[in-house]
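Remarks on the overall topology
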Amino acid sequence: AQSVTQLDSQVPVFEEAPVELRCNYSSSVSVYLFWYVQYPNQGLQLLLKYLSGSTLVKGINGFEAEFNKSQTSFHLRKPSVHISDTAEYFCAVTPDLTGGGNKLTFGTGTQLKVEL
Amino acid sequence: GAGVSQSPSNKVTEKGKDVELRCDPISGHTALYWYRQSLGQGLEFLIYFQGNSAPDKSGLPSDRFSAERTGGSVSTLTIQRTQQEDSAVYLCASSPTGDSYEQYFGPGTRLTVT
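Values in this document were obtained by computation on a predicted structure and should not be read as measured data. (Residues numbered from 1 in each chain as written. Chains lettered and ligands numbered in written order. Predicted model: local features only at pLDDT ≥ 70, side-chain atom pairs only at ≥ 80, totals over all residues. Heavy atoms only, no water.)

All names here are of chain B. Of the strand pairs in this sheet, strand β5 (residues 42–50) and strand β6 (residues 53–56) are connected by 2 bridges, and their pairing is antiparallel. By the bridge assignment, Tyr48 is partnered in β6 with Asp56. What sits between β5 and β6 in their antiparallel hairpin is a turn of 2 residues, with Gly51 showing a positive phi close to 65°. (Pairing = 2+ DSSP bridges. Helix = DSSP H or I, 4+ residues; strand = E, 2+ residues; numbered from the N terminus.)

As C-alpha cells, then:
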C-alpha cells in the first residue's frame, strides 16, 4: 500500500515570492508521482508528473518538482507566485505495476493562498 | 475537445433515499475512475473501470455503493439508502487506457445528505 503526506495544510505567501509545497510518500514498491491543482468548485488538473528520467520535472504554470528517492519526497516549487495560483494542491502516487489500472493515492492537500 | 462531464453538479437528498451520479468520460477513453472527496477522508479512490468491467472495486466503502459502465462510455455510481456520512464531492476521471498515467477529472457532483 502507498501513503502520501502533505505536512502543510495551508501556505500563505506574498505575490512574486517563491513557494515550496512539501510532499513525502511511503510505498513498498516503486511509484509514479503527480501534483494536481484544484481551483474552487472545479475538478483536479494535472500540474506535472514524474514517471522516469530526470528527477527535476517541469509542469504547467511555471511549477516544477524534484523527485528525491532517498528522502521519498516530491516537493513542488515555483520561483514567483501569482495571485491566480491561489488554489489547493494535491500530491498523489500510483504504484509501478503492470495491469489493473493506475488508481491514485492522494495526500490531504495544501491550500496555497497568495496575498498582495 | 469536450472534457469529462458529470451530472448533476449538486444533489441534495434525504437520508435513506437512493441516488445516481453520472459520468461522461472523454470520448475514446477506455479507463474510468471514481473518487470521493470529503472533509474527513480527503480524496479516496472508489472504483476503476476498464471498458465495461471493473477489475478494481476495492475502494467502495460499503455494499450500498455500486457502479456500472455501459458501452464503454457512460458510468453511473449508485448509492442506496444514503447516510449523512455519504455527503461528499464525487469525482470521475478518465484515461486513454488502463496503462495511461494521465487522468482527466470532471468537475464533480456535490452530494449532500440531510
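Moving on, we get to the interface of chain A and chain B. Contact residues are listed per partner, giving 21 residues for chain A and 19 residues for chain B. Counting the contacts that link chain A with chain B gives 2 salt bridges. The salt bridge involving Asp56(B) is made with Lys103(A); its shortest N-O contact spans 3.1 Å. Viewed at the interface, chain B and chain A are joined by 8 residue pairs in polar contact (both at pLDDT 80 or more). Secondary structure elements with two or more residues in the side of chain A that touches chain B: β5 (31–38), β6 (44–50) and β10 (87–95) of chain A. Within the side of chain A that touches chain B, the residues separate by chemical class into 9 nonpolar, 9 polar and 3 charged. (Contact = heavy atoms within 4.5 Å. Salt bridge = Lys/Arg side-chain N within 4 Å of Asp/Glu carboxyl O. Polar contact = N/O pair within 3.5 Å; in protein donor to acceptor, adjacent residues only side chain to side chain. Nonpolar A, V, L, I, M, F, W, Y, C, P; charged D, E, K, R; others polar.)

Summarising the element assignment, Gln103(B) is placed in the loop between β9 (88–95) and β10 (104–105). Side-chain polar atoms of Gln103(B) contact the backbone oxygen of Asn102(A), separated by 2.7 Å. Engagement of the side chain of Gln103(B) in a polar contact is seen with the side chain of Tyr35(B), the distance being 2.9 Å.

The amide bond that connects Ser7(B) to the next residue, Pro8(B), takes the cis arrangement and shows omega of -10°. Its location among the elements puts Pro8(B) in the loop between β1 (5–7) and β2 (10–13).

With that out of the way, let us pick up the packing of aromatic side chains. Considering all chains together, one arrives at 14 aromatic pairs over all chains under this definition. Members of the aromatic cluster, each reached through a chain of ring pairs, are Phe34(A), Tyr36(A), Phe90(A), Phe106(A), Tyr33(B), Tyr35(B), Phe45(B), Tyr48(B) and Phe105(B). (Phe/Tyr/Trp six-rings, centres within 6.5 Å; stacked < 30°, edge-to-face > 60°.)

Attention shifts here to the side chain of Asp86(B). Residues and elements named next belong to chain B. One can find Asp86 in the loop between β8 (75–79) and β9. In this structure the side chain of Asp86 is engaged in a polar contact, spanning 2.8 Å, whose partner is the backbone nitrogen of Gln83. Sequence-distant contacts of Asp86, that is, excluding residues within four places in its chain, are made with Arg36, Arg64, Phe65, Ile79, Leu111 and Val113.

Residues and elements named next belong to chain B. Using the criterion set out here, one finds 2 disulfides over all chains in the structure. Cys23 shares a disulfide with Cys92; S-S distance 1.8 Å. Measuring handedness by torsion sign, the sulfur bridge of Cys23 and Cys92 sits at about -65° and is left-handed. Taken together, the residues Cys23 in strand β3 (residues 19–24) and Cys92 in strand β9 connect sequence positions 69 residues apart. The class of Cys23 is buried, set by a relative accessible area of 0%. We classify Cys92 as buried; its relative accessible area is 0%. (Disulfide = S-S within 2.5 Å. Buried < 20%, exposed > 50% of the residue type's maximum accessible area, 1.4 Å probe, protein only.)

What follows is about the environment of Thr72(A). With respect to the secondary-structure elements, Thr72(A) resides in the loop between β8 (64–68) and β9 (73–78). With sequence-adjacent residues up to four places away left out, Thr72(A) is seen in contact with Cys23(A), Asn24(A) and Tyr25(A).

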